[in-house]
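Okay, here's what each chain looks like letter by letter:
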Amino acid sequence: MTPGATLGAYLAVAALLFAIGAMGVLLRRSPLAMLMSVEIMWGAAGLALVAAARWWLDMSGQVVALLAMMVAAAEVAIGLALVVAIFRPRERVDVDDVRDLAG
Amino acid sequence: MVTQPQGSAADAAGAAALFVQSPWPAVVLAAPLAGALILAVWGRRMRPRAVAWVGVTAVAVALAGAVASLARYLSGRAALGEAFAGLRWPLWPFGEPGGPAVGLGLLGDGLSLWFALIVTGVGLLIHLYSVGYMAGDPGFSRYFAQLNYFIFAMSLLVTADSLVGTIIGWANVGLASYLLIGFWYQREDARAAAIKAFLVTFSGELGLVLAAALLASRTGTLAYYALFERLGGVPPAMLTAAGLLLLWGAAAKSAQLPLHVWLPDAMAGPTPVSALIHAATMVTAGVYLTARMYPLYEAAPVARSAVAWVGALSALFGALVACGQTDIKRVLAYSTMSQIGYMLLGVGVAAEAAGVFHFFTQAFFKALLFLAAGLIIHRLAGEQDMLRMGGLAGSMRLALAGYLVGALAMMGIPPFSGFYSKEAILEAAWARGGGVLWGLGVAGALLTAFYSVRMLALIFGGPPGPAVRAAAAQGGAGHHEPAADRAMAVPVAILTVLAAAGGWVWVPGRTAWAPAVLEPFFSRFREAGGPAAVHGAPLPGWAAWLPVAAAVVGALGAVAVYAGASTPARTRLAAPAPVAAAWGAGLYVDHGYRRVLVQPALRLAGWVSRQVEAGGIDEAVEGVAALAAGASRWLGRLQGGFVRRYALVVLATAAVLVLWVVAGV
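Since this is a predicted model, take the numbers as computed values, not measurements. (Residues numbered from 1 in each chain as written. Chains lettered and ligands numbered in written order. Predicted model: local features only at pLDDT ≥ 70, side-chain atom pairs only at ≥ 80, totals over all residues.)

Observations regarding the overall build of chain A
- Across its full length, chain A holds three helices and zero strands.
- The C-alpha radius of gyration computed for chain A amounts to 17 Å, which surpasses the reference 13 Å derived for 103 residues by more than 25%, pointing to a less compact arrangement than a globule.
- Overall size of chain A, expressed as C-alpha extent along the three principal axes, is 55 × 25 × 25 Å.
- Sorting the 103 residues of chain A into buried and exposed places 16% on the buried side.
- Considering only residue pairs separated by 6 or more positions, chain A has 49% of its internal contacts joining residues 24 or more positions apart. (Helix = DSSP H or I, 4+ residues; strand = E, 2+ residues; numbered from the N terminus. Rg over C-alpha atoms; globule rule 2.2 N^0.38 Å. Buried ≥ 20, exposed ≤ 12 C-beta atoms within 10 Å, placed from the backbone. Contact = placed C-beta atoms within 7 Å.)

In structure tokens:
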């Protein structure tokens, strides 16, 4: 870890990334963009984990980060497949149009 | 030979009574039960001849079992003397260890066997008669299955060794009577009568169970002999209550005031069933119960005099109403009520043996009257209105002979059977019940003679009535099979002999077979010097013959009214219309019940149906449904299908949770 940099700086970056991702999920209407935003949030979580692991010299945090990456890859595969399946019969690609399960 | 006290080791206190193990009482139960089961399962596929064989044989075996039991009982008594109480056959114990020693077993003491003998003996004759009477009925096998079941239930009632067993038999008798009264279930009146009989007698079961609970709570047992040993520990008020509750049960089953209303309606069943109900089974259950429980009544004088009064009033009431009936079977129904009243009067004045003796003679003459009436009804194609009969003396010799003997026995004319038993009861009533009870009995005897002779005059006397002419025009009995007629004639002939001579088993000063069987039980639980001796009381010489004189007066009165035999004379008594209407309607007791119980119950049911069912339960159920529907509509709005809103909710929730955890830590 760079001298002078503290855990707080890493966590601040992670929080920023998480907020950007969350905003993306909430504000973008393209499912692909939403998936990418989710990936940003995964990245934020991973950063926080790795930083914390380095700070306390406990490698289990890094292990969890690696695990999270793999889960994220799997999630993207399923998510993309769902997106393709849902939007293939439609003309526009817009999550707000998918309201078939409205109560 | 195994001897042991009744009940478990807990009953060792009552070890004074010796019992001998013997399976013969079980035969009395097993045979009719087996017959009923065989006929119920395979009866439909059997030929009527086979059905008749199974049904009759089952009861014949039961009768043989009863005779063998009695022989065993008498030999045991001769060998063991005073301590010997009877035969015993345990079936199975139930009830919790340490709790009341409840078990189902069979008891063959004098009283049980006396009843079992009549139940199976008269039952056998009625089975035989039914073979002819019910020939060709589509429900032939069902009929015999139920008839066998009836015999089984009644046998269980009288041979059970505990109040529990008697109650079980009691309930089975109720079910059997329900089935048989409603045998012709296609008829509205038969169904109604069956339900009525079941409900009224069931109300009595309530009294029985309550009495049993009272007694068990204080004595810890319901086995008769053990119970009687321990009655001393029960408070007198509780004994009186139990005695009155038992009387309630007895009155309901035995058609005594004021619970007699089911009996006339029960005539909707086939006539042999009426004979069975009235002579051998069912209505005599109350007599058995009150006689069996005499040690309790011994300690509860109030309850005992209630028994006597209910009996005496029923004897008079039944005879009075019988005088105004025109349906031949309803006359007999009310006469049964009256005769059972005499039996209860006997029990109520501590002359249990006399009351049970009257059961014995009544079984013969009442079965005889019913079966003879069945011959007539059969001949007249179902006609039961006596005003449409008449002039049958020439064409129906056997029915006439049977009816004449039965009527004379019922009137208590010596030397026919009813004389001896009624005489014994009335003597005891005079000696221990007082003049009023005795007077009621004598008045009943007068009316009994009146309606008996009236019945004879209307059926057999005078010119042929319309129903008789119609039957003659159709060729009379031409369509009957001789075998069926024989099956009906033989029991009537046997019963004629028994009704004439049955009373000779107990002629004071000459024969004492009946007391030899009965008295051991009836003196066992009575202190010496108590009111045990039936004939020990002084009775003025003239009073002993007064009942017979009253009967003669009643008979002469009926002859004077009805012997004219012209059609107007038949209805002469019915002249004042309101009186006749009241008479025919059984003095409006039924109407009273309808007004006081049935109609309020129907109104309550209607109110419940409208208000509680429609207004309460329906509304509640529909309200729950509406609540669920409304809630789901409201909750459904959360599911807008707007994916990004879901995401916002998830995020906001996560944020709140994080804040909560952080702040909480």
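A few points about the overall build of chain B
- Looking only at helices and strands, one finds 27 helices and three strands in chain B.
- Of all 665 residues assigned to chain B, the portion counted as buried reaches 53%.
- Sequence separation of 24 or more characterises 80% of the internal contacts of chain B that already satisfy a separation of 6 or more.

What to know about the interface of chain B and chain A
- Between chain B and chain A, the contact holds 12 residues from the first and 11 residues from the second.
- Ranked by residues supplied to the side of chain B that touches chain A, first place goes to helix 27 (residues 643–664) of chain B with five residues.
- A class-by-class count of the residues in the side of chain B that touches chain A yields six nonpolar, four polar and two charged. (Nonpolar A, V, L, I, M, F, W, Y, C, P; charged D, E, K, R; others polar.)

Quick look at the environment of B:Met411
- Inspection of the secondary structure assignment puts B:Met411 in helix 16 (residues 397–411).
- Expressed as a C-alpha distance, the spacing of B:Met411 and B:Thr511, which sit 100 residues apart in the sequence, is 22 Å.

Describing the nonpolar core
- The biggest cluster of nonpolar side chains holds 231 residues, and the ones touching the most others in it are B:Ile181, B:Ala367 and B:Leu368.
- Counting residues per element, this core draws most heavily on helix 15 (residues 352–379) of chain B, which supplies 19 residues.
- If we skip the residues at most four places from it in the chain, B:Ala367 touches B:Val122, B:Leu125, B:Ile126, B:Ala275, B:Ala279, B:Ala280 and B:Leu495.
- If you look at the next biggest cluster of nonpolar residues, it comprises 12 residues, including A:Ala14, A:Ala22, A:Met34 and A:Val95. (Core = buried A, V, L, I, M, F, W, Y, C linked by C-beta atoms within 7 Å.)

Let's talk about the packing of helix 4 (residues 140–159) of chain B against helix 5 (residues 163–181) of chain B
Residue and element names in this part refer to chain B.
- Viewed as axis vectors pointing N to C, helix 4 and helix 5 meet at an angle of 155°, and their least axial separation amounts to 7 Å. Accordingly, the angle class assigned to the pair helix 4 and helix 5 is roughly antiparallel. Relative to helix 5, the crossing made by helix 4 is left-handed. In this structure, helix 4 contributes Gln146, Tyr149, Phe150, Ala153, Met154, Leu156 and Leu157 to the contact, and helix 5 contributes Gly165, Thr166, Ile168, Gly169, Trp170, Asn172, Val173, Ala176, Leu179 and Leu180.
- Its residues placed into classes, the contact of helix 4 with helix 5 shows 12 nonpolar, five polar and no charged. (Axes fitted to C-alpha atoms, helices over the stretch in contact; angles between N-to-C directions. Parallel < 35°, antiparallel > 145°, perpendicular 65-115°, else oblique. Left-handed = near helix turned anticlockwise from the far one by under 90°.)

What to know about the environment of B:Met154
All names here are of chain B.
- Its place among the elements puts Met154 in helix 4.
- In this structure Met154 comes out as buried when scored by C-beta crowding, with 31 C-beta atoms within 10 Å.
- Along the sequence, Met154 and Ala280 sit 126 residues apart, while their C-alpha atoms lie 8.6 Å from each other.
- The residues touching Met154, leaving out its near neighbours within four places in the chain, are Val119, Gly169, Val173, Thr281 and Met282.

Some details on the packing of helix 3 (residues 110–133) of chain B against helix 4 of chain B
All names here are of chain B.
- The N-to-C vectors of helix 3 and helix 4 enclose an angle of 170°; their axes lie 9 Å apart at closest approach. By the angle between their axes, helix 3 is roughly antiparallel relative to helix 4. Contact residues: Ser112, Phe115, Ala116, Val119, Thr120, Gly123, His127 and Ser130 in helix 3; Tyr143, Leu147, Ile151, Met154, Ser155, Val158 and Thr159 in helix 4.
- When the residues that make up the contact of helix 3 with helix 4 are grouped by side-chain class, the tally is eight nonpolar, seven polar and no charged.

Describing the confidence of the model for chain B
Residue and element names in this part refer to chain B.
- Summing up the model confidence of chain B, the mean pLDDT is 82 and the portion of residues at 70 or higher is 89%.
- For chain B, per-element mean pLDDT is lowest for helix 24 (residues 567–570), which scores 51, and highest for helix 4, which scores 90.
- Here residues 1–15 is modelled with pLDDT under 50, and outside its nearest four sequence neighbours on either side it reaches 34 contacts, counting other chains as well.
- The model gives residues 531–536 a pLDDT under 50, and that stretch makes 11 contacts with residues more than four places away or in other chains.
- With a pTM of 0.75, the predicted complex shows an ipTM of 0.82. (pLDDT = per-residue confidence, 0-100.)

Quick word on helix 1 (residues 24–42) of chain B
- A rise of 1.5 Å per residue sets the reference length of helix 1 of chain B, with its 19 residues, at 27 Å; its end C-alpha atoms lie 27 Å apart and thus fit the reference within 8%.
- Within the sequence span of helix 1 of chain B, burial applies to B:Trp24, B:Pro25, B:Val27, B:Val28, B:Leu29, B:Ala31, B:Pro32, B:Gly35, B:Ala36, B:Ile38 and B:Leu39. (Expected span 1.5 Å × (residues − 1).)

Things to note about unusual backbone geometry
- Omega for the bond connecting B:Leu257 with B:Pro258 falls within 30 degrees of zero, at -10°, which places this linkage in the cis form.
- Along the chain, B:Pro258 falls in the loop between helix 8 (236–253) and helix 9 (262–265).
- Residues B:Pro414 and B:Pro415 are joined by a peptide bond in cis, for which omega reads 5°.
- Following the sequence through the fold, B:Pro415 ends up in the loop between helix 16 and helix 17 (417–433).
- Of note in this structure, A:Leu57 is not a glycine but carries a positive phi near 55°.
- Along the chain, A:Leu57 turns up in the loop between helix 2 (31–56) and helix 3 (60–87).

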